[in-house]
Amino acid sequence: DTVIATEKHLLQAAVETDLFSSSPRYAMAIAHNLVVNDQRNAGEYLRLMGDVANLDELNTKRGFTVSALASGEMGERFAIKQLTAKQNNVARFWSEFLARYAIYSTSIPELVLAFEGSHDESVKANIVRAVASIGQQTELPWLREHGLASESDRIQAAGIFAFVEIVGFDGIAELEGFKTI
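Keep in mind the model is a prediction, meaning the values are calculated, not measured.

J.: How would you sum up unusual backbone geometry? Please name residues and give values.
T.: Phi at Asp18 takes a positive value of approximately 60°, unusual for a residue other than glycine. Position of Asp18 among the secondary structure elements: in the loop between α1 (2-16) and α2 (19-22).

This is how it looks when you write it as C-alpha coordinates:
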(Lines give C-alpha, C1' and ligand atoms only; values in the text may rest on other atoms or scores of the structure.)
Protein backbone atom coordinates (compact mmCIF):
# COMPACT_ATOMS: atom_id res chain seq x y z
CA ASP A 1 0.00 0.00 0.00
CA THR A 2 1.35 3.42 -0.99
CA VAL A 3 0.21 5.19 2.18
CA ILE A 4 1.93 2.68 4.46
CA ALA A 5 5.11 2.78 2.35
CA THR A 6 5.14 6.58 2.60
CA GLU A 7 4.56 6.47 6.36
CA LYS A 8 7.37 3.92 6.78
CA HIS A 9 9.68 6.22 4.83
CA LEU A 10 8.67 9.15 7.05
CA LEU A 11 9.26 7.12 10.20
CA GLN A 12 12.69 6.04 9.01
CA ALA A 13 13.53 9.69 8.24
CA ALA A 14 12.28 10.68 11.71
CA VAL A 15 14.63 8.13 13.29
CA GLU A 16 17.60 9.11 11.11
CA THR A 17 17.17 12.84 11.74
CA ASP A 18 16.57 12.38 15.49
CA LEU A 19 13.08 13.89 15.23
CA PHE A 20 12.11 11.92 18.34
CA SER A 21 14.44 14.21 20.32
CA SER A 22 13.95 17.52 18.53
CA SER A 23 10.19 17.26 17.92
CA PRO A 24 8.77 14.24 19.73
CA ARG A 25 5.16 15.28 19.18
CA TYR A 26 5.49 15.04 15.40
CA ALA A 27 7.67 11.94 15.46
CA MET A 28 5.18 10.13 17.68
CA ALA A 29 2.34 11.17 15.35
CA ILE A 30 4.15 9.61 12.38
CA ALA A 31 4.74 6.40 14.33
CA HIS A 32 1.15 6.36 15.58
CA ASN A 33 -0.17 6.56 12.01
CA LEU A 34 1.73 3.39 11.19
CA VAL A 35 0.50 1.63 14.32
CA VAL A 36 -3.08 2.41 13.30
CA ASN A 37 -2.77 1.85 9.55
CA ASP A 38 -0.56 -1.25 9.63
CA GLN A 39 -1.86 -3.22 12.62
CA ARG A 40 -0.08 -6.43 11.58
CA ASN A 41 3.26 -4.72 12.21
CA ALA A 42 2.24 -2.51 15.15
CA GLY A 43 4.61 -4.33 17.51
CA GLU A 44 7.54 -3.55 15.22
CA TYR A 45 6.68 0.16 15.24
CA LEU A 46 6.26 0.19 19.02
CA ARG A 47 9.70 -1.43 19.40
CA LEU A 48 11.24 1.12 17.05
CA MET A 49 9.60 3.95 18.98
CA GLY A 50 10.89 2.45 22.22
CA ASP A 51 14.43 2.31 20.89
CA VAL A 52 14.59 6.04 20.18
CA ALA A 53 11.95 7.73 22.33
CA ASN A 54 12.68 9.71 25.48
CA LEU A 55 10.12 8.71 28.11
CA ASP A 56 11.01 11.71 30.23
CA GLU A 57 9.25 13.90 27.65
CA LEU A 58 5.48 14.47 28.08
CA ASN A 59 4.51 14.35 24.39
CA THR A 60 6.41 11.10 24.02
CA LYS A 61 4.53 9.59 26.96
CA ARG A 62 1.21 10.70 25.49
CA GLY A 63 2.08 9.42 22.03
CA PHE A 64 3.25 6.08 23.36
CA THR A 65 0.12 5.67 25.49
CA VAL A 66 -2.21 6.30 22.55
CA SER A 67 -0.20 4.08 20.21
CA ALA A 68 -0.02 1.20 22.68
CA LEU A 69 -3.77 1.44 23.31
CA ALA A 70 -4.44 1.54 19.56
CA SER A 71 -2.37 -1.65 19.23
CA GLY A 72 -4.72 -3.56 21.51
CA GLU A 73 -3.36 -6.79 22.94
CA MET A 74 -0.09 -6.37 21.05
CA GLY A 75 0.40 -3.00 22.77
CA GLU A 76 -0.27 -4.55 26.17
CA ARG A 77 2.26 -7.31 25.50
CA PHE A 78 4.79 -4.69 24.40
CA ALA A 79 4.21 -2.77 27.65
CA ILE A 80 4.75 -5.92 29.73
CA LYS A 81 8.05 -6.60 28.00
CA GLN A 82 9.19 -3.10 28.96
CA LEU A 83 8.79 -3.91 32.66
CA THR A 84 12.20 -5.58 32.57
CA ALA A 85 13.95 -2.55 31.04
CA LYS A 86 17.21 -1.60 32.71
CA GLN A 87 16.20 2.07 32.72
CA ASN A 88 13.94 2.69 35.72
CA ASN A 89 11.96 5.42 33.98
CA VAL A 90 11.00 3.00 31.17
CA ALA A 91 9.86 0.22 33.51
CA ARG A 92 7.99 2.69 35.72
CA PHE A 93 6.23 4.38 32.78
CA TRP A 94 5.01 1.08 31.38
CA SER A 95 4.00 -0.25 34.79
CA GLU A 96 1.90 2.91 35.29
CA PHE A 97 0.40 2.37 31.84
CA LEU A 98 -0.55 -1.21 32.71
CA ALA A 99 -1.96 -0.22 36.11
CA ARG A 100 -4.39 2.05 34.26
CA TYR A 101 -5.09 0.19 31.04
CA ALA A 102 -4.41 -3.56 31.35
CA ILE A 103 -7.48 -5.53 30.22
CA TYR A 104 -6.35 -8.84 28.71
CA SER A 105 -6.53 -11.90 30.94
CA THR A 106 -3.86 -13.50 28.76
CA SER A 107 -1.44 -10.93 30.19
CA ILE A 108 -1.68 -12.20 33.77
CA PRO A 109 1.01 -14.92 33.55
CA GLU A 110 3.46 -12.42 32.02
CA LEU A 111 2.60 -9.82 34.68
CA VAL A 112 3.24 -12.38 37.43
CA LEU A 113 6.64 -13.21 35.92
CA ALA A 114 7.48 -9.51 35.62
CA PHE A 115 6.51 -9.01 39.28
CA GLU A 116 8.83 -11.79 40.35
CA GLY A 117 11.68 -10.41 38.24
CA SER A 118 11.39 -6.80 39.35
CA HIS A 119 13.28 -5.22 42.25
CA ASP A 120 11.50 -1.87 41.97
CA GLU A 121 8.68 -1.43 44.51
CA SER A 122 6.87 1.11 42.30
CA VAL A 123 6.87 -1.29 39.37
CA LYS A 124 5.71 -4.17 41.57
CA ALA A 125 2.89 -2.11 43.07
CA ASN A 126 1.74 -1.10 39.58
CA ILE A 127 1.83 -4.72 38.44
CA VAL A 128 -0.46 -5.61 41.35
CA ARG A 129 -2.80 -2.79 40.23
CA ALA A 130 -2.65 -4.08 36.65
CA VAL A 131 -3.76 -7.52 37.81
CA ALA A 132 -6.67 -5.81 39.60
CA SER A 133 -7.45 -3.83 36.46
CA ILE A 134 -7.88 -7.10 34.57
CA GLY A 135 -10.15 -8.25 37.40
CA GLN A 136 -9.90 -12.04 37.47
CA GLN A 137 -11.08 -13.66 40.70
CA THR A 138 -8.77 -16.56 39.91
CA GLU A 139 -5.88 -14.26 40.85
CA LEU A 140 -7.01 -13.74 44.45
CA PRO A 141 -4.57 -16.31 45.92
CA TRP A 142 -1.70 -14.57 44.11
CA LEU A 143 -2.90 -11.15 45.30
CA ARG A 144 -3.15 -12.38 48.89
CA GLU A 145 0.37 -13.80 48.78
CA HIS A 146 2.16 -11.07 46.85
CA GLY A 147 0.05 -7.99 47.50
CA LEU A 148 -1.66 -8.25 50.86
CA ALA A 149 1.15 -10.18 52.56
CA SER A 150 3.92 -7.97 51.18
CA GLU A 151 6.35 -6.39 53.62
CA SER A 152 6.42 -3.24 51.49
CA ASP A 153 3.90 -0.50 52.33
CA ARG A 154 3.62 0.48 48.67
CA ILE A 155 2.99 -3.06 47.43
CA GLN A 156 0.66 -3.89 50.31
CA ALA A 157 -1.42 -0.75 49.63
CA ALA A 158 -1.68 -1.80 45.98
CA GLY A 159 -2.65 -5.30 47.15
CA ILE A 160 -5.45 -3.91 49.32
CA PHE A 161 -6.69 -1.80 46.42
CA ALA A 162 -6.50 -4.82 44.07
CA PHE A 163 -8.31 -7.07 46.52
CA VAL A 164 -11.15 -4.58 47.00
CA GLU A 165 -11.32 -3.93 43.26
CA ILE A 166 -11.82 -7.62 42.51
CA VAL A 167 -13.83 -8.79 45.55
CA GLY A 168 -15.79 -5.65 46.43
CA PHE A 169 -17.92 -5.55 49.56
CA ASP A 170 -17.78 -9.33 49.84
CA GLY A 171 -14.18 -9.00 51.04
CA ILE A 172 -14.79 -6.63 53.95
CA ALA A 173 -14.65 -9.34 56.62
CA GLU A 174 -11.35 -10.67 55.28
CA LEU A 175 -9.84 -7.19 55.13
CA GLU A 176 -11.01 -6.33 58.64
CA GLY A 177 -9.02 -9.29 59.95
CA PHE A 178 -5.96 -8.30 57.98
CA LYS A 179 -3.05 -6.49 59.64
CA THR A 180 -1.27 -3.81 57.70
CA ILE A 181 2.40 -3.04 58.05
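J.: Provide a residue-level description of the pattern of salt bridges, including the pertinent values.
T.: Under the definition given, this model contains four salt bridges. The shortest N-O distance in the salt bridge between Arg77 and Glu73 comes to 3.3 Å. Taken together, the residues Arg77 and Glu73, both in helix α6 (residues 73-81) and four residues apart, mark about one turn of the helix. Overall, the relative accessible area of 28% leaves Arg77 in the partly exposed class. By relative accessible area, Glu73 is classed as partly exposed at 30%. Residue Glu110 pairs with Arg77 through a salt bridge whose shortest N-O separation is 2.1 Å. Here Glu110, found in helix α8 (residues 108-117), pairs with Arg77, found in helix α6; they are 33 residues apart in sequence, far enough to count as distant.

J.: So what about the packing of aromatic side chains? Which residues, and what values?
T.: Going through the model one piece at a time under the given rule, you end up with seven aromatic pairs. Ring centres of Phe78 and Trp94 lie 5.4 Å apart, and the angle between their planes is 90°; on these two criteria the pair is classed as edge-to-face. One end of the pair, Phe78, is in helix α6; the other, Trp94, is in helix α7 (residues 88-101), and 16 residues separate them in sequence. With respect to class, Phe78 is no different from Trp94; both count as buried. Measuring from centroid to centroid gives 5.2 Å for Trp94 and Phe97, while their planes differ by 70°, and the two rings are edge-to-face. A residue pair is termed a helical-turn pair when its members lie 3 or 4 positions apart in one helix, as Trp94 and Phe97 do in helix α7 at three residues.

Procedures and definitions
Residues numbered from 1 in each chain as written. Predicted model: local features only at pLDDT ≥ 70, side-chain atom pairs only at ≥ 80, totals over all residues. Heavy atoms only, no water. Helix = DSSP H or I, 4+ residues; strand = E, 2+ residues; numbered from the N terminus. Salt bridge = Lys/Arg side-chain N within 4 Å of Asp/Glu carboxyl O. Buried < 20%, exposed > 50% of the residue type's maximum accessible area, 1.4 Å probe, protein only. Phe/Tyr/Trp six-rings, centres within 6.5 Å; stacked < 30°, edge-to-face > 60°.

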